[in-house]
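Architecture and fold: a report
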Amino acid sequence: MRKTERFRVKGEGNSLWNLYKSVSFFKVMKNFIVIQIARYTPSFKVKNWLYRTFLRMEVGQQTAFALMVFPDVMFPERIRVGRNSIIGFNSTILAHEYLIDEYRIGDVVIGDEVMIGANSTILPGVTIGDGAVVSAASLVNKDIPAGAFAGGNPVRIIYTADQVAERNENKLKV
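Along every chain, residues carry numbers that run from 1 in the direction the sequence is written. pLDDT decides what is reported in this predicted model: residues at 70 or higher carry local features, side-chain atom pairs at 80 or more are listed and counted, and totals for whole chains, interfaces and linings draw on all residues regardless. The basis for every side-chain value is the complete set of heavy atoms in the structure, and neither hydrogens nor water enter the calculation.

Going along the chain from the N terminus, every DSSP run of H or I of four or more residues is numbered as a helix, and every run of E of two or more is numbered as a strand. For the protein, the count of helices and strands is three helices and 17 strands. For the protein, the C-alpha radius of gyration of 17 Å lies close to 16 Å, the compact-globule estimate for 174 residues. For the protein, the spread of C-alpha atoms along the three principal axes comes to 65 × 35 × 20 Å. Summary of the burial criterion: residues with accessible area below 20% of their type's maximum are buried, those above 50% are exposed, and those between are partly exposed, where the area comes from a 1.4 Å probe applied to protein chains only. For the protein, buried positions account for 43% of its 174 residues. Summed over all atoms, the accessible surface of the protein reaches about 9500 Å², with 59% contributed by carbon and sulfur. With 22 positive and 16 negative side-chain charges, the protein shows a separation of 4 Å between the mean positions of the two kinds. Just to be clear, the radius of gyration here is over C-alpha atoms, and the globule rule we use is 2.2 Å times residues to the power 0.38. Methods summary: accessible areas were calculated by the Shrake-Rupley approach with a probe of 1.4 Å, and residue burial reflects only the protein chains presented. Lys and Arg are tallied as positive, Asp and Glu as negative. Neither His nor the chain termini are counted. Taken as the charge centre is NZ of Lys, CZ of Arg, CG of Asp or CD of Glu, depending on the residue.

Turning our attention to the sheet that holds strand S14 (residues 133–134). One open sheet accounts for six strands, arranged S3-S6-S11-S14-S16-S17; its pairing is mixed. Of all strands in the sheet, those bounded by a partner on one side alone are strand S3 (64–65) and strand S17 (156–159). Note on contacts: a residue pair is in contact if any heavy atoms of the two residues lie within 4.5 Å. An axis is simply a line fitted to the C-alpha atoms; with a helix, the fit covers only the stretch in contact. Between two such axes, the angle follows the N-to-C directions and lies from 0 to 180 degrees. Seen against the sheet, helix H3 (residues 161–173) touches strand S16 (149–151) and S17 and runs at an angle of roughly 25° to S17. If DSSP finds at least two bridges between two strands, the strands pair.

By definition, a salt bridge exists where a carboxyl oxygen of Asp or Glu is found within 4 Å of a side-chain nitrogen of Lys or Arg. Going through the model one piece at a time under the given rule, you end up with 12 salt bridges. A salt bridge links Asp107 to Arg78, with the shortest nitrogen-to-oxygen separation between them at 2.5 Å. One end of the pair, Asp107, is in the loop between strand S9 (102–105) and strand S10 (108–110); the other, Arg78, is in the loop between strand S4 (70–71) and strand S5 (79–81), with 29 residues separating them in the sequence.

All right, on to helix H2 (residues 44–54) then. Residues Lys47, Asn48, Leu50 and Tyr51 constitute the buried set of H2. The buried residues of H2 occupy an angular sector of 155° when the element is viewed end-on, so they sit on one face. In this structure, the buried residues of H2 make contact with helix H1 (25–40), strand S2 (58–59), S3 and S4. Arg56 sits one or two positions beyond H2 and adopts a positive phi of about 60°. This arc corresponds to the set of directions leading from the helix axis out to the C-beta atoms.

The next thing to look at is a nonpolar patch on the surface. On the surface, a cluster of nonpolar side chains totalling about 730 Å² of accessible area is made up of Tyr20, Phe25, Phe26, Met29, Phe32, Ile33 and Ile37. By the element assignment, Phe25 lies in helix H1. Patches draw on residues past 30% relative accessible area with no salt bridge. Two like charges within 9 Å are joined, as are two nonpolar side chains (Val, Leu, Ile, Met, Phe, Trp, Tyr) within 5 Å.

The subject of this paragraph is the packing of aromatic side chains. Only rings of Phe, Tyr and Trp enter the pairing, Trp through its six-membered ring, and a pair is recorded when the two centres are within 6.5 Å. The plane angle decides the type: under 30 degrees is stacked, over 60 is edge-to-face, the rest tilted. According to the stated counting rule, one finds seven aromatic pairs in the structure shown. With a centroid separation of 4.8 Å and an interplanar angle of 75°, the aromatic rings of Tyr51 and Phe65 are classed as edge-to-face. A residue pair is termed long-range when its members are at least 10 positions apart, and Tyr51 in helix H2 and Phe65 in strand S3 qualify at 14 residues. Given a relative accessible area of 0%, Tyr51 falls into the buried group. According to the relative accessible area criterion, Phe65 is buried, its value standing at 0%. Each residue in the set Phe7, Tyr98 and Tyr103 is aromatic and connected to the rest through ring pairs, giving one cluster.

That is the geometry; function is a separate question.
This is how it looks when you write it as structure tokens:
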């Protein structure tokens, strides 16, 4: 189960129509500009500096955000990525979701040495454990344990950490 905070919305329109009651227009505008610059920046150091400095994201050393990665534009400060992780091309990391009559916000925690494949979407309130691998084009809608290999839409555990270790051990024997 994802860990999100739920906020009911009353009044006219759906929760997205009431967006600027939950987050400042100027914050969203500033975040959008920073994210767009970072999406096209080929330098990992510059990208990480932009995320840390202007979006208040926690980003570990040697973490690499590929081109076109889109972190949450409204609540990027709710995203933490450990050291030496890779976030694949065109992936999206969401810390919010707006529904018809409520919106939800949740921390996204991506551990150390995690590999997220290209075109993946990570939903709010998800934790991806250290050393996990998420295959390309996955919808991460639940926690992924440390060391696991997961993938799909919706994501499922393909191999546990123990199964991955066993497979690697068997490769060495061949």
